[in-house]
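The residues making up each chain are set out below.
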Amino acid sequence: QYSPESVAGADGELDPTEVTFPGCSCRSRSCAAPECPCLSRGHSYSSLGLLLAEQQQQQPFSRPVFECNSLCCCGEGCQNRLVQRGLRLRLQVFRTQRKGWGVRALQPIPEGSFVCEYAGEVLGFAEAQRRIQAQSPQEPNYIIAVREHLHDGRVMETFVDPTRIGNVGRFLNHSCEPNLFMVPVRVDSMVPKLALFAAADIAAGEELTYDYSGRFRNFPGASREHKALEEENSLRKPCYCGSRTCASFLPWDSSLFSTP
């Protein structure tokens with residue numbers, strides 16, 4: 001079932017459409033920092049430190065991104081409304097040579113552009129783990145686990161499963177040298193939209209990929225992926241990205257496979 005944005009999972013634990021953030025009272029057509037409380041909570045898109053590698057080196061920890069929401073007084077044309085507008089680019093799902101389905105651009109995409117959301121059912125940890133463990137090694141796994149490391153040491157987890165309900169993002173392949181990177185963007189509530197941005201200028205016809213592990217433009221310790229034991233390699237899927245730094249296997253997150 002195609003859905004342009006994430007929906008509540010069957011476990012009913014999280015509802016991404018619930019509005020829990022207050023709106024701004026800005027009366028201008030487009031909000032600006034520091035007057036707008038939405039922008040003052042984190043990065044604006046014009047200064048998003050993740051978009052340029054140089055900025056990432058100068059500022060190793062990124063601030064969160066909050067868009068203006070449905071309760072805000074600003075207009076629909078506000079510059080702080082981007083991911084919520086959804087897919088605006090011409091993309092194509094196509095059959096790759098070795099990786100099954102993939103997605104490619106049908107137009108040039110400049111670096112820093114929002115490309116699409118990774119949408120699906122938003123699950124709690126228990127349901128995400130149950131679904132992962134119910135899969136056979138031969139089945140494709142679409143569940144993504146996104147972990148945000150807070151300044152006080154806590155970790156916020158978001159699990160999205162587009163297996164049955166999702167959008168074009170479910171067809172994006174992994175690459176160890178990707179041209180997209182993921183940013184959790186919040187609009188109406190603390191449940192983030194998993195937004196994918198162009199990490200470089202992308203040519204028309206080029207396949208779109210991102211790093212499933214979260215290593216890309218993050219500190220190495222930000223990922224819970226570990227060097228798998230030899231016996232675990234039988235459960236892992238080979239990586240066919242073809243990059244110079246290919247890790248040979250698709251990323252492995254042991255926490256979803258372990259039992260309490």
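What counts, and at which threshold
Residues numbered from 1 in each chain as written. Predicted model: local features only at pLDDT ≥ 70, side-chain atom pairs only at ≥ 80, totals over all residues. Heavy atoms only, no water. 1 Å grid on protein atoms, 1.4 Å probe; cavity = no way out; pocket = protein on both sides within 12 Å on 5 of 7 lines; lining within 4 Å. Points joined across faces, edges and corners; volume = space filled by probe spheres on them. Nonpolar A, V, L, I, M, F, W, Y, C, P; charged D, E, K, R; others polar. Pairing = 2+ DSSP bridges. Helix = DSSP H or I, 4+ residues; strand = E, 2+ residues; numbered from the N terminus. Core = buried A, V, L, I, M, F, W, Y, C linked by side-chain atoms within 4.5 Å. Buried < 20%, exposed > 50% of the residue type's maximum accessible area, 1.4 Å probe, protein only. Contact = heavy atoms within 4.5 Å. pLDDT = per-residue confidence, 0-100. Salt bridge = Lys/Arg side-chain N within 4 Å of Asp/Glu carboxyl O. Phe/Tyr/Trp six-rings, centres within 6.5 Å; stacked < 30°, edge-to-face > 60°. Lys NZ or Arg CZ within 6 Å of the ring centre and 35° of its normal.

**Q** Explain the layout of surface pockets to me, please; I cannot follow it from the model alone.
**A** Over the atoms rolls a probe the size of a water molecule, and its path tells where empty space is left. Roughly 240 Å³ of internal volume is contained in the second largest pocket. Looking at the second largest pocket, it is lined by 13 residues, and the ones nearest its centre are Glu5, Pro16, Val187, Asp188 and Lys193. Classifying every residue of the lining of the second largest pocket by side-chain character gives 4 nonpolar, 5 polar and 4 charged.

**Q** How should I be thinking about the sheet that holds strand β11 (residues 193–198) in this particular structure?
**A** Within a sheet, neighbouring strands are paired by backbone hydrogen bonds and run either parallel or antiparallel to one another. Pairing is mixed across the open sheet formed by 4 strands, whose spatial order is β2-β10-β11-β5. If you trace the sheet from one side to the other, it starts and ends with β2 (65–66) and β5 (114–117), each paired once. Note: β2 against strand β10 (residues 180–186), 2 bridges, orientation parallel. Paired with valine 65 across the strands is valine 185, a residue of β10.

**Q** Is there a simple way to explain the nonpolar core in this structure?
**A** Most often, soluble globular proteins have nonpolar side chains that are buried together. Residues Leu91, Ile109, Val115, Tyr118, Leu172, Leu180 and Leu208 are the most contacted members of the largest nonpolar core, which totals 23 residues. Breaking this core down by element, the ones donating at least two residues are β4 (101–105), β5, β7 (144–149) and β11. In this structure isoleucine 109 touches Leu89, Leu91, Val115, Ala198, Ala200, Asp201, Ile202 and Leu208, once residues within four positions along its chain are discounted.

**Q** Help me understand the confidence of the model for the chain in this model?
**A** The predicted coordinates should not be examined in detail at positions where pLDDT is low. Scored by pLDDT, the chain has a mean of 87; 85% of the residues are at 70 or more. Scored below 50 in pLDDT, residues 49–56 shows 19 contacts in the model against residues more than four places distant or in partner chains.

**Q** Looking at this structure, how should I read the pattern of salt bridges?
**A** One side chain can pair with another of opposite charge once the charged atoms of both are near each other. Following the criterion strictly, the structure yields 11 salt bridges and no others. Two residues, arginine 130 and glutamate 127, come together in a salt bridge whose shortest N-O distance is 2.8 Å. Of the two residues, arginine 130 and glutamate 127 are both situated in helix α3 (residues 125–134); the distance of 3 residues between them amounts to about one turn of the helix. Since its relative accessible area comes to 49%, arginine 130 is described here as partly exposed. Arginine 147 serves as the salt-bridge partner of glutamate 157, at 2.8 Å between the closest nitrogen and oxygen.

**Q** Help me understand the packing of aromatic side chains in this model?
**A** Geometrically, a pair of aromatic rings is defined through the distance of the ring centres and the angle of the planes. On inspection of all chains with the given rule, the structure shows 6 aromatic pairs. Site record: aromatic cluster; members linked through ring pairs are Phe114, Phe181 and Phe197. Arginine 41 extends its terminal NZ or CZ atom over the ring of phenylalanine 21, reaching a point 5.2 Å from the ring centre. Here the guanidinium or amino end of arginine 170 rests over the ring plane of phenylalanine 171, the centre of that ring lying 5.0 Å away.

**Q** Help me out: how do you make sense of the pairing of β7 in this one?
**A** With 6 bridges connecting them, β7 and strand β8 (residues 155–161) associate as antiparallel partners. For histidine 149, the partnering residue across the bridge sits in β8 and is valine 155. In textbook terms, the turn of a hairpin is the stretch between consecutive antiparallel strands, and for β7 and β8 this stretch comprises 5 residues, one of which, glycine 153, has a positive phi near 95°.

**Q** Which parts of the structure should I look at to understand unusual backbone geometry?
**A** Negative phi values dominate among residues other than glycine, just as trans dominates among peptide bonds. Cis geometry is adopted by the peptide bond preceding proline 34, which originates at alanine 33 and carries an omega value of 5°. When you line up the elements, proline 34 lands in the loop between β1 (7–8) and α1 (37–40). Phi angles above zero are rare outside glycine, and serine 248 is one such case at about 80°. On the secondary structure map, serine 248 appears in the segment after β12 (209–210). The class for serine 248 is partly exposed, based on a relative accessible area of 43%.

**Q** Would you mind going over the side chain of glutamate 117 with me for this structure?
**A** Among the secondary structure elements, glutamate 117 is positioned in strand β5. Judged by its relative accessible area of 7%, glutamate 117 falls in the buried class. Each residue touching glutamate 117, except ones within four places of it in the same chain, is listed here: Pro4, Glu5, Ser6, Asn167, Gly169, Lys193, Leu194 and Ala195.

**Q** Teacher, can you tell me more about the sheet that holds β1 here?
**A** Pairing is mixed across the open sheet formed by 4 strands, whose spatial order is β1-β6-β8-β7. Edge positions in the sheet fall to β1 and β7, since each has one partner strand and no second. Inspection of the sheet shows β1 paired to strand β6 (residues 121–123) by 2 bridges, in the parallel sense. From the neighbouring strand, valine 7 faces β6, where its bridge partner is glutamate 121.

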